[in-house]
Amino acid sequence: MRLSRSTWLLGVAALSALAWGVSCEDQLIQTATRLPGDAGVGGSSPTLTDLACEGEPPENELPPGAAFGEGEELASSPLVSTSYGALEGPGLSITARDTFRVHVNGDLVAESESARTPLFVPLSLLPGENVIAVSVHAAAGTPAALLHLDELERSHGSGSDWKLSTAPDGDWTAPGYDDSGWTAARELGSAGDLPGCDPEARFPSNTTARWIGPAPGTRGPIALRKVIRIEPIGFGEGTTGGAGATPVLVSDWADLARLAGSDEPAVLLLAEGVHDFRRKGSEVADIEVCPSACSEDPEKTLYQVLTGDSTCELPLVGATRDDRILRFGSNKTLVGLGRGAALPGVTMDLDESENIIVRNIALYDLNASLLEAGDAFTLTQPSRIWIDHATVTWISDAFADILAGTSGVTFSYVHFDGDTEAECGGRERWASTITDAEVTMHHCRFDEVSTRAPLAVGSRARVHLFNNVFSNISDWAVGSSCEGQVLLEASVFENVEAATRRSDCSGSTSLGLLLAVPGSNLYRDGSGVHLGGGGEEPADDVFTPPYAYAPERASDALPQVMSRSGAGGPWALPLARE
């Protein structure tokens, strides 16, 4: 008699179990996670069909019992979008056998009675602790779910890092719940391993998600729980923003300015899309600016706002300013939802505020035809600041001007795009100057700038750069002067005239200090040029970061930065100037 493939595999598994001293049940479960058709076999009553989805989908009921959300009404959460569909933005893809409810941070945001039909929940997560809580019920057989969460920074596939309970108690769908007594979910197979349960095309094709659930043979509803923490690393670690405050969806400038500048902790949300808060009508300011010609392009005229004691060789000409300045009080979180919120004409002023998070925001078209008419971010003397997944482009002055006394700052996944028609060479002149301040920049992209990407100035400057990408830079990229210290590692330089520069300054004859960790940085297109200090890759003694971090290899960071940096990450909405 010829044995079927399934019967033969079960026999091999049983013999192997005897040889190695493991139970037949456990060996069968291991086999099920590897091979289609036998996925998830095991439990107290092993059966090949216990996890199968063959035949017509059953008539289902949602997970029964108040502990599993029965009786709850769907919440209207601002974190759930209606502006995009599956695979078009961040969110949760889920399919199950059979019915399920989805809670996010305690709110019931989705449910499905359609067995084996994938559902996509367009979802934004907030900085801090986020809880994805799912209850699942199968009409027959073992309940199981396949989940794939796409977030701005990375994707999360379901696996044994999810917690499971068959009898949850208390407010298990909310943050702060103690799930230490729950068990780890069992991995029951990859997408495609459960017959008839294969997710449709709306489910991410490259998912690493595993079917998860209890031991095969378990009946009744189950609770699944996953905590995802979105937190800064680097000098800005420990920044919590307005954590604990009830999120508020803001739609006009008056409310945004009032709430951001208040003394109370706040979590402010901006809906996906463009929020044009620029001054209009009588609020637009008439100013005079200084015209000058480009030395390399005499037909091109620059228009600069005079600052300090600056003078102009030519008669001043009229211009207008329509920018807004958003000032922050302490303990604030500002988040753009979905694929990002765009704020044309807005500069963010962080004076002496503490504990600020800005995430998924695009700042652009800030007096873009003028010079010296506003930075994207001005940090005067704040502490504990985290700027994450931001896009900065078409800015009149610097991308980020960080002044002496600033401490505890992290920029992560920020796209600094210096393409501009206002400058002679079509590139931002000075991207970012960091003076006597502590700043970490990681997974950021500096593109189309001339210099200062960034520049550390002063003996108290401590700047840590890792996993960044520097491209299309017409002069030098990373600089240190006046005894400023820079640690540069695992970063990529492409089409850059010079990767680094060490220099002195008017107040000191000492050069800046810069360590490019040997063998970690990737120099492409002849970018491995180093100015100052002999021309070799700089190897000065600099500070040791006082925090834990784990840089990727430069070659691995490159695609991550290119696809994930900026507002909206891989789903960034296009920006356009008026």
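Look above for the structure.
Here we summarise the structure given alongside this text. This one's a predicted model, so the numbers in the text were calculated from it and none came from an experiment. (Residues numbered from 1 in each chain as written. Predicted model: local features only at pLDDT ≥ 70, side-chain atom pairs only at ≥ 80, totals over all residues. Heavy atoms only, no water.)

Take the sheet that holds strand E5 (residues 128–137) next. One open sheet accounts for 6 strands, arranged E3-E2-E5-E12-E8-E9; its pairing is antiparallel. Two strands close off the open sheet at either side, each with one partner strand: strand E3 (107–112) and strand E9 (183–184). Two strands pair when backbone bridges link them, and strand E8 (residues 163–165) and strand E12 (residues 222–230) are joined in this way by 3 bridges, in the antiparallel orientation. The residue bridging leucine 164 from the neighbouring strand is leucine 224, located in E12. (Pairing = 2+ DSSP bridges. Helix = DSSP H or I, 4+ residues; strand = E, 2+ residues; numbered from the N terminus.)

Bringing the layout of surface pockets into the picture now. The rolling of a water-molecule-sized probe over the atoms marks out the regions of remaining empty space. Looking at the largest pocket, its volume works out to about 390 Å³. For the largest pocket, the lining is made up of 22 residues, of which Asn105, Leu126, Glu129, Ala245 and Pro247 are closest to its centre. Here the lining of the largest pocket takes 3 residues from E5, the largest share from any one element. Looking at side-chain class alone, the lining of the largest pocket contains 10 nonpolar, 10 polar and 2 charged residues. The wall of the second largest pocket is formed by 20 residues, among which Glu153, Arg154, Arg229, Glu231 and Ile233 lie closest to the centre. No other element matches E12, which puts 4 residues into the lining of the second largest pocket. (1 Å grid on protein atoms, 1.4 Å probe; cavity = no way out; pocket = protein on both sides within 12 Å on 5 of 7 lines; lining within 4 Å. Points joined across faces, edges and corners; volume = space filled by probe spheres on them. Nonpolar A, V, L, I, M, F, W, Y, C, P; charged D, E, K, R; others polar.)

Right, let's get into the state of the cysteines. Enumeration over the complete set of coordinates arrives at 3 disulfides. Paired by a disulfide, cysteine 294 and cysteine 424 hold their sulfur atoms 2.2 Å apart. In this structure the cystine formed by cysteine 294 and cysteine 424 twists about its S-S bond by roughly -95°; its chirality is therefore left-handed. Residue cysteine 294 is found in the loop between strand E16 (285–293) and strand E17 (301–304), and its partner cysteine 424 is found in the loop between strand E28 (415–417) and strand E29 (428–430); the two are separated by 130 residues along the sequence. Using a relative accessible area of 3% as the deciding quantity, one classes cysteine 294 as buried. Note on cysteine 424: relative accessible area 22%, which makes it partly exposed. The partner cysteine of cysteine 482 in its disulfide is cysteine 505, sulfur to sulfur 1.4 Å. Taken together, the residues span a long stretch of sequence, with cysteine 482 in the loop between strand E35 (469–481) and strand E36 (485–489) and cysteine 505 in the loop between strand E37 (492–503) and strand E38 (513–516) at a distance of 23 residues. A residue is classified by how much of its surface remains accessible, and cysteine 482, at 12% relative accessible area, is buried. Taking relative accessible area as the criterion, cysteine 505 reaches 23% and is therefore assigned partly exposed. (Disulfide = S-S within 2.5 Å. Buried < 20%, exposed > 50% of the residue type's maximum accessible area, 1.4 Å probe, protein only.)

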